[in-house]
There are 4 protein chains.
Amino acid sequence: MAKLYFKYGAMGSSKTAQALITKYNYEENDMKVWLIKPSADTRDGAAILRSRIGLEATVEVIPPEVDIHARFLGSRVRRCDVIIVDECQFLTEAQIDQLRAIVDEQSIPVLCFGLRTDFLTRLFPGSRRLMELADVIEEIKTMCDCGAKATVNARISDGYIVTEGAQVVLGGNDSYIAMCHRCYVNGIREHKKIKLHGQN
Amino acid sequence: MAKLYFKYGAMGSSKTAQALITKYNYEENDMKVWLIKPSADTRDGAAILRSRIGLEATVEVIPPEVDIHARFLGSRVRRCDVIIVDECQFLTEAQIDQLRAIVDEQSIPVLCFGLRTDFLTRLFPGSRRLMELADVIEEIKTMCDCGAKATVNARISDGYIVTEGAQVVLGGNDSYIAMCHRCYVNGIREHKKIKLHGQN
Amino acid sequence: MAKLYFKYGAMGSSKTAQALITKYNYEENDMKVWLIKPSADTRDGAAILRSRIGLEATVEVIPPEVDIHARFLGSRVRRCDVIIVDECQFLTEAQIDQLRAIVDEQSIPVLCFGLRTDFLTRLFPGSRRLMELADVIEEIKTMCDCGAKATVNARISDGYIVTEGAQVVLGGNDSYIAMCHRCYVNGIREHKKIKLHGQN
Amino acid sequence: MAKLYFKYGAMGSSKTAQALITKYNYEENDMKVWLIKPSADTRDGAAILRSRIGLEATVEVIPPEVDIHARFLGSRVRRCDVIIVDECQFLTEAQIDQLRAIVDEQSIPVLCFGLRTDFLTRLFPGSRRLMELADVIEEIKTMCDCGAKATVNARISDGYIVTEGAQVVLGGNDSYIAMCHRCYVNGIREHKKIKLHGQN
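Residues numbered from 1 in each chain as written. Chains lettered and ligands numbered in written order. Predicted model: local features only at pLDDT ≥ 70, side-chain atom pairs only at ≥ 80, totals over all residues. Heavy atoms only, no water.

So, the overall build of chain A
To keep things clear, this is the line we draw: Helix and strand assignments come from DSSP, with helices taken as H or I runs of at least 4 residues and strands as E runs of at least 2, each series counted from the N terminus. Our radius of gyration looks at C-alpha atoms and nothing else; its globule reference is 2.2 Å times the residue count to the power 0.38. Note on classification: 1.4 Å probe, protein chains only; a residue is buried when its accessible area is under 20% of the maximum for its type, exposed when over 50%, partly exposed between these limits. Only heavy atoms matter for contacts: two residues are in contact if any of them lie within 4.5 Å across the pair. Methods summary: accessible areas were calculated by the Shrake-Rupley approach with a probe of 1.4 Å, and residue burial reflects only the protein chains presented.
Tallying secondary structure elements over chain A gives 5 helices and 10 strands in all. In summary, chain A has a C-alpha radius of gyration of 17 Å against a globular reference of 16 Å for 200 residues, a match within 12%. For chain A, the spread of C-alpha atoms along the three principal axes comes to 55 × 30 × 30 Å. Per-residue burial over chain A gives 56% buried out of 200 residues. Counted over contacts in chain A with a minimum sequence separation of 6, partners at least 24 positions apart contribute 71%. Counting every atom, chain A has about 8600 Å² of accessible surface; 47% of that belongs to carbon and sulfur.

This is how it looks when you write it as structure tokens:
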């Protein structure tokens, strides 16, 4: 029986690499994969999905107003065996419902990779609906600098954790770092300077 | 390092039995457990927590306005080694934040057992905040009559699935049954008569 | 698709309680459960399976020479929907192969609860074959006194960890305690006196 | 607390890619990784570890007679923060015990990636000892052609499943394919011609 999967992880947990390896494994088994990701704006079309470790693939970009179920039933992709979604937290609620319908009615597995929460520990629209509807919820783990599991995506501006602002900042220059909740709270309370990885 | 756990399951997945077995195991290891559950109204005090299989224990009932962190720091319970919560979906958002603070600041593990979603596949306030803040999210599984995993808690009235109404109906006579999403959608669409277990 | 499950846990991890709750959940869904456990000797027949927390049920005791697949196909039990095994580590290799054949040929799920390793950290015959053939390997967790996860079943005699002897001692008076590997090794090396739970 | 992990998967489940992504994630967090794999012969030294998807890294090759704990304590690698092992099923029992000691005594996490069983569904020496001693046993999943989870590594010669032979055939020309147990048994019983992936 086909299932809807939500594979969530914090920033830097290699979610895109996992999505691309999963795609590779299906294709090695002679199965056809439809790889998609949401668009932050209304531009439609193909793009390149890149993981930091160096894997990449062509991805179809889906604007928020597109009905994914209707597009799936269109001639172009209808013969795929599995759907893989990257950055699924940015899908709309309606789009998650459409993916759910594809699983239920077409018996096609759908694997969604994405963030759980925003920089204020709040679910995104897509991740909230997946937490409600997914058949399988699995964590892709990463670590806080303290050694504990990272679960919070802190937004960093000028070296400090940001605690106000929009959920998504288009074209913003902020950085994000995955932290455990205890270090996140302590970082805010003590106004700690946060060192980002790969910086001097 | 202490963690905040959300152990979610659909109706009839033996969540309360799991909570009571967990309590038993901790106590066998000479650890002190604080067993709590939210109150649907403002009555405070002790009650009996009963699982369908026959296990039971005394539970402290916590009204929505109580600050659990403050109560934990009070003299009565402060020396517990672990907190176990049943019906955690009915805690308020603020109360989940208080449990999170107990984990972070007191290094006390908190294990929350409860439902994921309501009869319309929407997160409850407590389960939503746990999906955002829990360090570990684990499913307690149960089955749909079709053999697939049950994920939806359908509200049944006069034998049919209800699709409108309040999230919590105090004193209501409705019944609930755990179903997979496909059977739930088909049951609504085809207006199927649902047979409840243990009934003739 | 039916699966063969190995749900392993250390001493005191409530494996029998989990087996009995699983049985209860299946029966609540109007499914027929065949509950079995291996016999240490050649006595056949029914017995009572009891968990420490107080749950119990009638269990069919299976001697080592019995072909479980053949017995399953016999008239008495053939209409069961699921097989649950307690103390599965004591089944023979051949009996695990027979359970595997029931899963593959009859599409009946088989859930095996038992220990992973003996008092010298070695797999039992039944748990070894399950580690080779199970579709799903899941841990039922319990804790060491130090707070870490317990994985080793130490045999205690006169308060000290035993490091020699037979894998199974029939009628022995030894006790067992679950420990993490580090405390187990330190306990042997430093010849520590081990305090058993529930004793003074 | 550091742990010993066994991340097992069947042929073609991207175990090496997972090992290399894990290495990348640790290094991104400014941690030092010691990447090793067993040698089938006594040649020591460095080699290139390559995953089918295209990732690669330099790996230290460890012959069977090397004491990994002693080598870890040697000056060259002693400051690593984590050890990652590929093809761990080919380590000796003694070497798994040495890794266990590194975890317990040095508090260094050790992540072992490898096969569970050979072409006759029997544990390898390294995977058996890991099934006994690992703190965490996790499956890296892959699929049988029938859609079920693959758990058996069938050895194929001239298009047919092989049921006799040595556990490891150095320089052999055989191929392997991951299958579910039911398809494996049926393939042998019905002497089916097995189609390998990526072949015409």
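Quick notes on the relation of the copies chain A and chain B
Let me state the cut-off plainly: To line up the copies, we fit them by least squares on C-alpha atoms, keeping just the residues with pLDDT of at least 70 in both.
Superposing chain A onto chain B takes a rotation of 180° combined with a translation of 0.0 Å along the rotation axis, leaving an RMSD of 0.0 Å. Taken together, the turn and the small shift mark the pair as related by a two-fold rotation axis. For chain A, the smallest separation between a C-alpha atom and the rotation axis is recorded for M131 of chain A, amounting to 3.6 Å. Most of the interface of chain A is mirrored in chain B, where 100% of its interface residues again form contacts.

As for the environment of V33 of chain C
Here V33 of chain C shows up in strand β2 (residues 33-38). In the structure, V33 of chain C is positioned 15 residues away from I48 of chain C in sequence and 15 Å away in space, judged by C-alpha atoms.

Let's talk about the interface of chain A and chain B
Heads up, the rule is: A 1.4 Å probe defines the accessible area here, and the buried area is the portion of it lost by two parts on being joined, summed over both. Only one rule defines a salt bridge in this text: a Lys or Arg side-chain nitrogen within 4 Å of an Asp or Glu carboxyl oxygen. Within 3.5 Å is the distance limit for a polar contact, defined as a pair of N or O atoms, with the added protein rule that one can donate a hydrogen and the other accept it, and that residues adjacent in sequence qualify only through two side-chain atoms.
Tallying the contact residues gives 32 residues for chain A and 32 residues for chain B. Taken together, both faces of the contact between chain A and chain B bury some 2700 Å²; the carbon and sulfur share is 44%. Counting the surface chain A buries against chain B, the share from its top three residues, M1, E132 and R182 of chain A, is 23%. Inspection of the chain A/chain B interface yields 6 salt bridges. Across the pair E105 of chain A and R189 of chain B runs a salt bridge whose closest N-O atoms are separated by 3.3 Å. Our enumeration of links across chain A and chain B arrives at 22 residue pairs in polar contact (both at pLDDT 80 or more). Going through the elements one at a time, α3 (93-106), α4 (125-133), β7 (136-140) and α5 (181-189) of chain A are the ones with two or more residues in the side of chain A that touches chain B.

Brief notes about the interface of chain B and chain C
The partner chain C presents 22 residues to the 22 residues of chain B that form the contact. Interface of chain B and chain C: buried area, both sides summed, is about 1900 Å²; carbon and sulfur atoms make up 51% of it. Its largest share of buried area at the contact with chain C, chain B owes to N29, I53 and M143 of chain B, together 27% of the area lost on that side. Summed over the shared surface of chain B and chain C, the number is 4 salt bridges. The salt bridge involving R52 of chain B is made with E28 of chain C; its shortest N-O contact spans 2.1 Å.

Points about the sheet that holds strand β3 (residues 45-50) of chain C
Residue and element names in this part refer to chain C. As a reminder of what qualifies: When DSSP finds two or more bridges between a pair of strands, those strands are recorded as paired. Axis geometry follows a simple rule: fit a line to the C-alpha atoms, using only the stretch in contact for helices, then measure angles between N-to-C directions, giving values from 0 to 180 degrees.
What the 7 strands build is an open sheet, ordered β3-β4-β2-β5-β6-β1-β7; its pairing is mixed. Strand pairing shows two members of the sheet lacking a second neighbour, β3 and β7 (136-140), which therefore form its edges. Averaged over all adjacent pairs, the angle separating strand axes in this sheet is 30°, with direction ignored. Examined bridge by bridge, β3 and strand β4 (residues 56-62) share 6 bridges and lie antiparallel to one another. Its bridge partner lying in β4, L49 is registered against A57. The sheet contacts of helix α1 (residues 15-28) involve β1 (4-9), β2, β3, β4, β5 (82-85), β6 (110-114) and β7, and relative to β6 the element is tilted by about 160°. Sheet strands touched by helix α4 (residues 125-133): β1, β6 and β7. Its angle to β1, the strand with the most contacts, is close to 130°.

Notes on the pairing of β6 of chain C
Residue and element names in this part refer to chain C. Threshold: Orient the strands so they point away from the viewer, and a crossover whose first-strand-to-second-strand path over the helix runs clockwise is right-handed.
Most of β6 sits inside the fold, with 5 of its 5 residues counted as buried. Alternating residues of β6 divide into V110, C112 and G114 and L111 and F113, and every residue in both groups is buried. Where β1 meets β6, 5 bridges bridge the pair, whose relative direction is parallel. By the bridge assignment, L4 is partnered in β6 with V110. Bridge count between β5 and β6: 3 bridges; the pairing is parallel. In the strand pairing of β6, I84 is matched with L111. For the crossover from β5 across helix α3 (residues 93-106) to β6, the handedness is right-handed.

Some words on the pattern of salt bridges
Under the defined criterion, the tally for this structure stands at 63 salt bridges over all chains. R129 of chain B is the salt-bridge partner of D97 of chain B, the closest N and O atoms lying 2.9 Å from each other. Pair noted here: D97 of chain B is in helix α3 (residues 93-106) and R129 of chain B is in helix α4 (residues 125-133), with a separation of 32 residues, a long-range link. In this structure, the salt-bridge partner of K195 of chain B is D30 of chain C, at a minimum N-O distance of 4.0 Å. Of this pair, K195 of chain B sits in the segment after α5 (181-189) while D30 of chain C is found in the loop between α1 and β2, placing the two residues in two different chains. Neither K195 of chain B nor D30 of chain C differs from the other in exposure class; each is exposed. Within the structure, one salt-bridge network assembled from shared partners comprises E93, D97, R128, R129 and E132 of chain A together with R122 of chain B.

Quick notes on the packing of aromatic side chains
We apply this condition: Between the rings of Phe, Tyr and Trp (Trp by its six-membered ring), a pair exists once the centres lie within 6.5 Å; its type follows the angle of the planes, with under 30 degrees stacked, over 60 edge-to-face, and the other angles tilted. A ring has a charge above it when a Lys NZ or an Arg CZ is no more than 6 Å from the ring centre and no more than 35 degrees off the ring normal.
Going through the model one piece at a time under the given rule, you end up with 12 aromatic pairs over all chains. Measuring from centroid to centroid gives 6.5 Å for W34 of chain A and F72 of chain A, while their planes differ by 35°, and the two rings are tilted. Of the two residues, W34 of chain A is situated in strand β2 (residues 33-38) and F72 of chain A in helix α2 (residues 68-73); the sequence distance between them amounts to 38 residues. In this structure F72 of chain A comes out as buried when scored by relative accessible area, which is 2%. Ring geometry for F6 of chain D against Y8 of chain D: centres 5.8 Å apart, planes inclined by 45°, an arrangement best described as tilted. The class for F6 of chain D is buried, based on a relative accessible area of 0%. For the cation-ring pair, R155 of chain C lies above F119 of chain C, with the distance from its terminal atom to the ring centre recorded as 3.6 Å.

Concerning unusual backbone geometry
Even without being a glycine, E87 of chain A presents a positive backbone phi close to 55°. Despite not being glycine, H191 of chain C shows a phi value in the positive range, around 45°.

With respect to the packing of α3 of chain C against helix α5 (residues 181-189) of chain D
Inclusion rule: Any angle that falls under 35 degrees is termed roughly parallel, while one over 145 is termed roughly antiparallel, one within 65 to 115 roughly perpendicular, and all others oblique. Side-chain classes are defined by residue name, with Ala, Val, Leu, Ile, Met, Phe, Trp, Tyr, Cys and Pro counting as nonpolar, Asp, Glu, Lys and Arg as charged, and the others, Gly among them, as polar.
Taken N-terminus to C-terminus, the directions of α3 of chain C and α5 of chain D make an angle of 85°; their axes are 9 Å apart at the nearest point. Overall, the two elements α3 of chain C and α5 of chain D adopt an arrangement that is roughly perpendicular. Each of R100, V103, D104 and E105 of chain C in α3 of chain C lies in contact with α5 of chain D, whose residues at this interface are H181, R182, V185 and R189 of chain D. Residues belonging to the contact of α3 of chain C with α5 of chain D are distributed by class as follows: 2 nonpolar, 1 polar and 5 charged.

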